[in-house]
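# Architecture at a glance
Chain by chain, the residues:
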Protein chains: 2
Amino acid sequence: MNNGQGAGQAGFFEQVLARAATTGAPLCVGLDPRAAKVAELREQCGRLIEATAKFAVAYKPNSAFFEAHGPEGMLALLDVIATVPDGIPVLLDAKRGDIASTSEAYARAAFDWLGALGLTVTPYVGLDGLAPFLARPGRAAFILCKTSNPGADEFQALPVQTADGPRPLYEVVAAHAQAANRAGNVGLVVGATDLAAMARVRAVAPDLWFLAPGVGAQGGNLAATLAAGLRRDGWGLLINVSRTLAEAADPRAEAERLVRAMRAGRAEALGHRRQ
Amino acid sequence: MNNGQGAGQAGFFEQVLARAATTGAPLCVGLDPRAAKVAELREQCGRLIEATAKFAVAYKPNSAFFEAHGPEGMLALLDVIATVPDGIPVLLDAKRGDIASTSEAYARAAFDWLGALGLTVTPYVGLDGLAPFLARPGRAAFILCKTSNPGADEFQALPVQTADGPRPLYEVVAAHAQAANRAGNVGLVVGATDLAAMARVRAVAPDLWFLAPGVGAQGGNLAATLAAGLRRDGWGLLINVSRTLAEAADPRAEAERLVRAMRAGRAEALGHRRQ
């Protein structure tokens, strides 16, 4: 059992905040290695981690690209997570979620075996099914709320009847997630591809961290994303960048550029709010 | 790569129908091994498969209980799937779903690596994200619709505004799934714990196969489930039984008892419809 990111360490959000205080920017580096061979998974991720370790507040490996290589791919994922420097938390992107007794087994896989400190989870089954992910001290669960794919609105934007009139489903999910945040370990996945929606989710879930995919390759605007998504305390947003970094000629320079742009965008967003 | 259930074979639903024509009952045997050691995963599942192979129309291993043991657990899952006799399809219960490029990798993991013919998937991201699961000839994807956990209604039963008035979210999901069934390989997960909902889903999705968990340990009634869920052709329902079989003193006798009860319930349900 890999407890590299296990007991005794600071929790996911504590580590993120400590890193963000150092870098000044909420850059989450996505690890989505597309490779024909298992060895390439380790090489691609290892290179990207080495190049970006000074700038990242978290790493987000996507389980699917390792699972596609079978059990050997899962061993590579274990190695990749172990490669992440101490103090930078790992958020496993696996979109898990099932009835509670099954989610308990998924929590063991992600948190105990793989040693991730955070996990993405899917809400459709209901929050009772996600309870095992939220019962782990120091471990964070990011619930899908408004995703960045073209068809996200098919179900997420459906108008739900509520006592306050119709609200899109993603706002209802956000409100339930905010209410479930008793231990301070709930996050939401909110794509940077729909910033009006991000602002609405921020209004409904003022305390939660958002994982924001969709900046860069998927087209989201950095400064506008920070303006829409930052919490009152100037944090609460993890901006994920995957392809833009992986495909950069110089990933280190690209990470530095992203961090500078995030710092500037953050200063601008916070300055506007104070006025 | 394990192609034990791969190309050249009949598709998932063809195999299910062929088996059901033999057994006369839509018994799906769930494999949810709770074990402290990896070797026990193989033993528990191997015993259950041997005892029930005469009666099962499909086997449904739940990925979580294997993943909880790390990469060794995934090797055990591969072995368990290879243990299933030819002609009985494997439905991997993994509740996967992400943006399309990621779902493509999950499809490779489930269908190519593990050799499953069917997979459970989760709809929240939108059906564009599930397209890679539906693009595989002969492979089936069962979309979560109305699950069997106590908190299922938290989101699934939310009233959605539609042109025809308010409808629960699960009915909207069912309608979209029915429309997406162009290749005849879409199924739905519909718990036997809410038979009024199952009847409504059947009205909305007349063509789809339902995977019905919740009979037995979770309390669903067998005859009533068949009455609510069978298609006009007398099939379209996979009734999953996991714990009742795994914990039976004599799993073979219990499977035979279940098949008899299903045959009787099916005859009764079809008789009522003809009257």
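The structure displayed is predicted, hence computed values, not measured ones.

The next point concerns the overall build of chain A. Looking only at helices and strands, one finds 12 helices and 10 strands in chain A. Relative to the globule expectation of 19 Å for 275 residues, the C-alpha radius of gyration of chain A, 18 Å, shows essentially globular dimensions. Counting only C-alpha atoms and orienting by the principal axes, one finds that chain A spans roughly 55 × 45 × 35 Å. Evaluated residue by residue, chain A yields a buried proportion of 62% over its 275 residues. A fraction of 71% describes how many contacts in chain A between residues 6 or more apart in sequence connect residues 24 or more apart. Approximately 9800 Å² of chain A is accessible, and the part contributed by carbon and sulfur atoms is 52%. Put simply, chain A has 27 plus and 26 minus side-chain charges, and the middle of one group is 5 Å from the middle of the other.

Further remarks concern the packing of aromatic side chains. According to the stated counting rule, one finds 8 aromatic pairs over all chains in the structure shown. Aromatic side chains Phe12(A) and Phe13(A) sit 5.2 Å apart centroid to centroid with 85° between the ring planes, which places their arrangement in the edge-to-face category. Grouping residues by exposure puts Phe12(A) and Phe13(A) together as buried. An aromatic cluster of at least three residues, connected via ring pairs, comprises Phe12(A), Phe13(A), Phe142(A) and Trp209(A). The cationic tip of Arg266(A) hangs over the ring face of Trp235(A); the distance from NZ or CZ to the ring centre is 3.6 Å. Sitting over the face of the ring of Tyr170(B), Lys146(B) holds its NZ or CZ atom 5.7 Å from the ring centroid.

The next point concerns the nonpolar core. Leu27(A), Phe142(A), Leu188(A), Leu238(A), Phe142(B), Leu188(B) and Leu238(B) are the most contacted members of the largest nonpolar core, which totals 199 residues. Residues contacting Leu188(A), with those up to four places away along its chain left out, are Phe142(A), Ile143(A), Cys145(A), Ala174(A), Ala177(A), Val201(A), Ala205(A), Leu208(A), Trp209(A), Phe210(A) and Leu211(A).

Every α-helix winds through 3.6 residues per turn, so residues three or four apart in the chain are directed the same way. For helix 4 (residues 70-83) of chain A, built from 14 residues, the straight-helix expectation of 20 Å at 1.5 Å per residue is met to within 8% by its first-to-last C-alpha distance of 20 Å. By the burial criterion, the buried members of helix 4 of chain A are Gly70(A), Pro71(A), Gly73(A), Met74(A), Ala76(A), Leu77(A), Leu78(A), Val80(A) and Ile81(A).

Summed over all chains, the structure comprises 3 cavities of 30 Å³ or more. Taken as a whole, the largest cavity spans an internal volume of roughly 110 Å³. Around the largest cavity, the lining comprises 14 residues; the ones closest to its centre are Met74(A), Arg96(A), Ala109(A), Leu114(A) and Glu67(B). Contributions of two or more residues to the lining of the largest cavity are made by strand 3 (91-96) and helix 5 (100-113) of chain A together with helix 4 (70-83) of chain B. Of the voids in this model, the second largest cavity is the one considered here, and its volume is about 70 Å³. Sorting the residues of the lining of the second largest cavity by element identifies helix 4 of chain A together with helix 4 and helix 5 (100-113) of chain B as the ones contributing at least two each. No other element matches helix 4 of chain A, which puts 3 residues into the lining of the second largest cavity. Here the residues of the lining of the second largest cavity sort into 7 nonpolar, 1 polar and 1 charged.

The interface of chain B with chain A comprises 54 residues on the first partner and 53 residues on the second. Taking both sides of the interface into account, the surface hidden between chain B and chain A amounts to around 4800 Å²; carbon and sulfur atoms contribute 61%. On the surface where chain B and chain A come into contact, there are 4 salt bridges. Residue Glu67(A) pairs with Arg96(B) through a salt bridge whose shortest N-O separation is 2.8 Å. Seen at the junction of chain B and chain A, the total is 26 residue pairs in polar contact (both at pLDDT 80 or more). In terms of residue count, the dominant contributor to the side of chain B that touches chain A is helix 5 of chain B (7 residues). Residues belonging to the side of chain B that touches chain A are distributed by class as follows: 29 nonpolar, 16 polar and 9 charged.

Our next topic: the side chain of Gln15(A). All names here are of chain A. Of note, Gln 15 is situated in helix 1 (residues 12-23). Under the relative-accessibility criterion, Gln 15 is labelled buried at 6%. The contact partners of Gln 15, leaving out residues within four places of it in the chain, are Gln 9, Ala 10, Gly 87, Ile 88, Pro 89 and Leu 117.

Even without a glycine there, the phi angle at Lys95(A) is positive, about 45°. Relative to the elements of secondary structure, Lys95(A) occurs in strand 3.

Let us now look at the sheet that holds strand 3 (residues 91-96) of chain B. All names here are of chain B. Strand order in this open sheet of 8 strands is 2-1-10-9-8-5-4-3, and the pairing throughout is parallel. The two strands at the open ends of the sheet, each matched to only one other strand, are strand 2 (58-61) and strand 3. Pairs of neighbouring strands in the sheet enclose a mean axial angle of 30°, with direction left out of account. When strand 3 meets strand 4 (residues 118-121), the two strands line up parallel, connected through 3 bridges. Bridge pairing in strand 4 links Leu 91 to Gly 118. Together, strand 1 (27-31) and strand 2 form the strand contacts of helix 2 (residues 38-52), whose direction differs from that of strand 1 by roughly 165°. Against the sheet, helix 5 makes contact with strand 3, strand 4 and strand 5 (140-146), and its axis sits at roughly 140° relative to strand 4, the strand it touches most.

Residues and elements named next belong to chain A. Read from one edge to the other, the open sheet built from 8 strands follows the order 2-1-10-9-8-5-4-3, with strand pairing classed as parallel. Each end of this open sheet is capped by a strand with a single partner; those strands are strand 2 (58-61) and strand 3. Pairs of neighbouring strands in the sheet enclose a mean axial angle of 30°, with direction left out of account. Where strand 8 (residues 186-190) and strand 9 (residues 209-212) come together, 3 bridges link them in parallel fashion. For Val 189, the partnering residue across the bridge sits in strand 9 and is Leu 211. Sitting on the sheet, helix 1 touches strand 2, strand 3, strand 4 (118-121), strand 5 (140-146), strand 8, strand 9 and strand 10 (237-241), and the angle it makes with strand 5 is about 80°. Its contacts with the sheet place helix 12 (residues 251-274) against strand 1 (27-31) and strand 10, and it is angled at close to 145° to strand 1.

What follows concerns the pairing of strand 6 (residues 159-162) of chain A. As a general feature of sheets, a regular strand has side chains that alternate between the two faces. Residues and elements named next belong to chain A. Direction of pairing for strand 6 relative to strand 7 (residues 165-168): antiparallel, over a ladder of 4 bridges. Residue Gln 161 lies in a different strand from strand 7, and its bridge partner there is Pro 166. Remark: 2 residues form the turn of the hairpin made by strand 6 and strand 7, two consecutive strands paired antiparallel.

Spanning 14 residues, helix 5 of chain A covers 19 Å between terminal C-alpha atoms, matching the ideal 20 Å at 1.5 Å per step. The set of residues buried in helix 5 of chain A consists of Thr102(A), Ser103(A), Ala105(A), Tyr106(A), Ala107(A), Ala109(A), Ala110(A), Phe111(A) and Asp112(A). For helix 5 of chain A, the secondary structure elements touched by its buried residues are strand 3, strand 4, helix 6 (127-134) and strand 5 of chain A together with helix 3 (63-67) and strand 3 of chain B. Following helix 5 of chain A by one or two positions, Gly115(A) has its phi on the positive side, about 80°.

Cut-off values and rules
- Residues numbered from 1 in each chain as written.
- Chains lettered and ligands numbered in written order.
- Predicted model: local features only at pLDDT ≥ 70, side-chain atom pairs only at ≥ 80, totals over all residues.
- Heavy atoms only, no water.
- Helix = DSSP H or I, 4+ residues; strand = E, 2+ residues; numbered from the N terminus.
- Rg over C-alpha atoms; globule rule 2.2 N^0.38 Å.
- Buried < 20%, exposed > 50% of the residue type's maximum accessible area, 1.4 Å probe, protein only.
- Contact = heavy atoms within 4.5 Å.
- Areas by Shrake-Rupley, 256 points an atom, 1.4 Å probe, with all protein chains shown as cover.
- Lys, Arg positive; Asp, Glu negative; His and termini not counted.
- Charge placed at Lys NZ, Arg CZ, Asp CG, Glu CD.
- Phe/Tyr/Trp six-rings, centres within 6.5 Å; stacked < 30°, edge-to-face > 60°.
- Lys NZ or Arg CZ within 6 Å of the ring centre and 35° of its normal.
- Core = buried A, V, L, I, M, F, W, Y, C linked by side-chain atoms within 4.5 Å.
- Expected span 1.5 Å × (residues − 1).
- 1 Å grid on protein atoms, 1.4 Å probe; cavity = no way out; pocket = protein on both sides within 12 Å on 5 of 7 lines; lining within 4 Å.
- Points joined across faces, edges and corners; volume = space filled by probe spheres on them.
- Nonpolar A, V, L, I, M, F, W, Y, C, P; charged D, E, K, R; others polar.
- Buried area = accessible area lost by both parts, 1.4 Å probe.
- Salt bridge = Lys/Arg side-chain N within 4 Å of Asp/Glu carboxyl O.
- Polar contact = N/O pair within 3.5 Å; in protein donor to acceptor, adjacent residues only side chain to side chain.
- Pairing = 2+ DSSP bridges.
- Axes fitted to C-alpha atoms, helices over the stretch in contact; angles between N-to-C directions.

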